[in-house]
Amino acid sequence: MTVEEAIAQLQSPDVSQRYYAAWWLGRFRVQAAVPALLLALQDESDRTALGGYPLRRNAARALGQIGDPQAIPGLRACLQVADFQLRGAAATALGLLGAGQAIPDLVELLTATGVPSALGTEELPQPYPAILLALGRLNAQGAIPHIQPFLTHPLPRVQGAALCTMYLLTQDTQYIEQLLQVINGADTRLQRVLLGDLGETGYLPVAAAMVQVQAEPSFKLMGLHRLLSQWLSTQSQPLDWQALGSVFALMDGLL
Amino acid sequence: MDVPEPESLEQLKQRLNRAAEPGELLAAVQELSAYGDQPEVIPLLIGVLGYNNPRVAQVAMGGLLRAGRRAVPELLQRLDGYNYGARAYAIRVLAQIGDPRALAVLEEAARADFAPSVRRAALRGLGSMVWDGLPQPEAAQTQVMQTLEAVSRDGDWGIRYAVIVALELWWQAGNVPAPLRPRLDALLQHFTQDSDPVVQARAQFSLHRRDK
């Protein structure tokens, strides 16, 4: 597929082709696709049975990977849409884009009491893990008082994200120690999810802690793969070999 | 390491069998691992790899590595066909020991095991094989290169990543036969165009490391 074909495919009558095109454009970080992807954030035609917007979710992810700040207003608007997964994808993308102006929106979602969507809300009103981790990436020091209550959240997944976020914001290793306890105490399914959440941050200093978890080596390897994928999606050539080498050494050891 | 009295080894065995909670199990396996070089301990440690407990398996692996080549026949004979977690740990031990007696098993596992974790471990083992033990290693080395080439287009990024690590370990050992060197280079170059960004970067990193 060429870049032109992929951009054209974003308007294909076939929903699954559009969904794939959005993924492809993000994967290859196609700068020229930003206007088309921003249009895709408005898509109304691709809907799930519950009313979700799959194309918008993939477009949001792609915009986060491409890294063009033009996408920030469109992604901020996604935080208000009645689709739990879209809000999560937009929060992650805003974190990757370094969109400091989105901090107040993200904090508002943390503190909102109303439930904006019936979608994906069996457990949570908002995608707290994605929101918290994005605040960590954005170095939102002012948000700390709003993050702290989540350190004792009843769901380990949220608690884990809050601990990781506090570590990102303070560099205080007590949070990593607590995080390891949460992960070590979790069942295997949750361990995999928590390692994936950590990977989603793309924050390389977390890598060493991820390897210390007492979990299946495969889960750690997948988490580190996610971490490096996210990190690489924000880097330009030439790559920082030293940073890369330290994570590769950890991954090689998990084979 | 002192040779344990027969009674104390018997006692350790019983503690292992009776361990009811994770702490007791871990303590028993830790003590057992210290005697990894005793022939009777090797099968016990291999059994522990199947307990589905990553922490305990890690300790048992340490004990088996202490036994080194002496553990190879038992590891091969007791490879768990049903529990792929146990199989992956055993293959990791074999990979680290690098004994060519494990070559056929590692190659078969690298190509055809249904568990990706087992395949990754076996691939790494193919790269870290200690070839000194073989009188004429070239035929076996050519076979290994064929295996690495055969799986290099696997759909699973983890398999392709493990192939790169195997190539790098083999190259670092400095004993790649001259006729295979161009094939090794071509394979690494091929991965610098991989569709997965991490695999691609791993290949670039490997080439960068060589240039230094």
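Everything discussed here concerns the structure shown above.
The notes below deal with the structure included here. (Residues numbered from 1 in each chain as written. Chains lettered and ligands numbered in written order. Predicted model: local features only at pLDDT ≥ 70, side-chain atom pairs only at ≥ 80, totals over all residues. Heavy atoms only, no water.)

1. Thoughts on the overall build of chain B
Line of reasoning, step 1. Looking only at helices and strands, chain B has 12 helices and 0 strands in total.
Line of reasoning, step 2. Along chain B, helices and strands appear, N-terminal first, in the series α-α-α-α-α-α-α-α-α-α-α-α.
Line of reasoning, step 3. Dimensions of chain B, computed from the C-alpha atoms along their principal axes, are close to 55 × 40 × 35 Å.
Line of reasoning, step 4. In chain B, which comprises 212 residues, the share counted as buried stands at 50%.
Line of reasoning, step 5. In chain B, 63% of the contacts between residues at least 6 apart in sequence involve partners at least 24 apart. (Helix = DSSP H or I, 4+ residues; strand = E, 2+ residues; numbered from the N terminus. Buried < 20%, exposed > 50% of the residue type's maximum accessible area, 1.4 Å probe, protein only. Contact = heavy atoms within 4.5 Å.)

2. With respect to the pattern of salt bridges
All names here are of chain B.
Line of reasoning, step 1. All chains considered together, the criterion is met by 17 salt bridges over all chains.
Line of reasoning, step 2. Two residues, Glu31 and Arg15, come together in a salt bridge whose shortest N-O distance is 2.8 Å. Taken as a pair, Glu31 in helix H2 (residues 22-34) and Arg15 in helix H1 (residues 6-18) lie far apart in primary sequence, 16 residues in all.
Line of reasoning, step 3. Among the ionic pairs, Asp99 bridges to Arg101, the shortest N-O distance being 2.7 Å.
Line of reasoning, step 4. The class of Arg101 is partly exposed, set by a relative accessible area of 48%. (Salt bridge = Lys/Arg side-chain N within 4 Å of Asp/Glu carboxyl O.)

3. Remarks on helix H11 (residues 181-191) of chain B
Residue and element names in this part refer to chain B.
Line of reasoning, step 1. Among the residues of H11, those classed as buried are Leu184, Leu187, Leu188 and Phe191. Angular distribution of buried residues about the axis of H11 spans 95 degrees; they occupy a single face of the element.
Line of reasoning, step 2. Looking at the buried side of H11, the elements it contacts are helix H9 (138-150), helix H10 (157-173) and helix H12 (197-211). (Arc of directions from axis to C-beta.)

4. Considerations on the nonpolar core
Line of reasoning, step 1. Grouped together as the largest cluster of nonpolar side chains are 172 residues, with contacts concentrated most on Leu37(A), Leu75(A), Leu135(A), Met251(A) and Leu148(B).
Line of reasoning, step 2. Looking at this core, the element that brings in the most residues is H10(B), giving 10 residues.
Line of reasoning, step 3. Taken domain by domain, the makeup of this core includes at least three residues from each of domain 1 (1-97) and domain 2 (98-212) of chain B. (Core = buried A, V, L, I, M, F, W, Y, C linked by side-chain atoms within 4.5 Å. Domains from an automatic or database assignment.)

5. Brief notes about the side chain of Arg87(A)
Residues and elements named next belong to chain A.
Line of reasoning, step 1. Considering the arrangement of structural elements, one finds Arg87 in helix H6 (residues 84-96).
Line of reasoning, step 2. One buried charged side chain, Arg87, makes no salt bridge at all; its nearest oppositely charged neighbour is Asp83, positioned 6.2 Å away.
Line of reasoning, step 3. Among the polar contacts listed, one links the side chain of Arg87 to the backbone oxygen of Pro125, at a separation of 3.2 Å.
Line of reasoning, step 4. Polar side-chain contacts of Arg87 include one of 2.8 Å to the side chain of Gln126. (Lys, Arg positive; Asp, Glu negative; His and termini not counted. Polar contact = N/O pair within 3.5 Å; in protein donor to acceptor, adjacent residues only side chain to side chain.)

6. Side note on the interface of chain B and chain A
Line of reasoning, step 1. Taken residue by residue, the interface counts 23 residues in chain B and 23 residues in chain A.
Line of reasoning, step 2. Around 2,100 Å² of area is buried between chain B and chain A when both sides are counted, 64% of it from carbon and sulfur atoms.
Line of reasoning, step 3. When the buried area of chain B at its contact with chain A is split by residue, Trp157(B), Val198(B) and Phe205(B) rank highest and sum to 24% of it.
Line of reasoning, step 4. In this assembly, chain B and chain A are joined by 1 salt bridge.
Line of reasoning, step 5. Taking the shortest distance from any N to any O, the salt bridge between Asp252(A) and Arg202(B) comes out at 2.7 Å.
Line of reasoning, step 6. Between chain B and chain A we count 8 residue pairs in polar contact (both at pLDDT 80 or more) in total. (Buried area = accessible area lost by both parts, 1.4 Å probe.)

7. Some details on the packing of aromatic side chains
Line of reasoning, step 1. Evaluated as defined, the whole model comprises 9 aromatic pairs over all chains.
Line of reasoning, step 2. Taking the centre distance of 6.4 Å and the plane angle of 35 degrees together, the rings of Trp131(B) and Trp170(B) count as tilted. Here Trp131(B) is found in the loop between helix H8 (116-127) and H9, whereas its partner Trp170(B) is found in helix H10, with 39 residues between them in sequence. Here the two residues Trp131(B) and Trp170(B) agree in accessibility, since each one is buried.
Line of reasoning, step 3. Where Trp157(B) meets Tyr161(B), the ring centres are 6.1 Å apart and the plane angle is 85 degrees; that geometry is what we call edge-to-face. Linking Trp157(B) with Tyr161(B), this pair stays in helix H10, spanning 4 residues, or about one helical turn. Tyr161(B) shares its class with Trp157(B); the two are buried.
Line of reasoning, step 4. Here the aromatic residues Trp241(A), Phe248(A), Trp157(B), Tyr161(B) and Phe205(B) are joined through ring pairs into a cluster of three or more.
Line of reasoning, step 5. Between the NZ or CZ atom of Arg56(A) and the centre of the ring of Tyr53(A), over which it lies, the distance is 3.7 Å.
Line of reasoning, step 6. Taking NZ or CZ as reference, Arg202(B) lies 5.2 Å from the ring centre of Phe248(A), over its face. (Phe/Tyr/Trp six-rings, centres within 6.5 Å; stacked < 30°, edge-to-face > 60°. Lys NZ or Arg CZ within 6 Å of the ring centre and 35° of its normal.)

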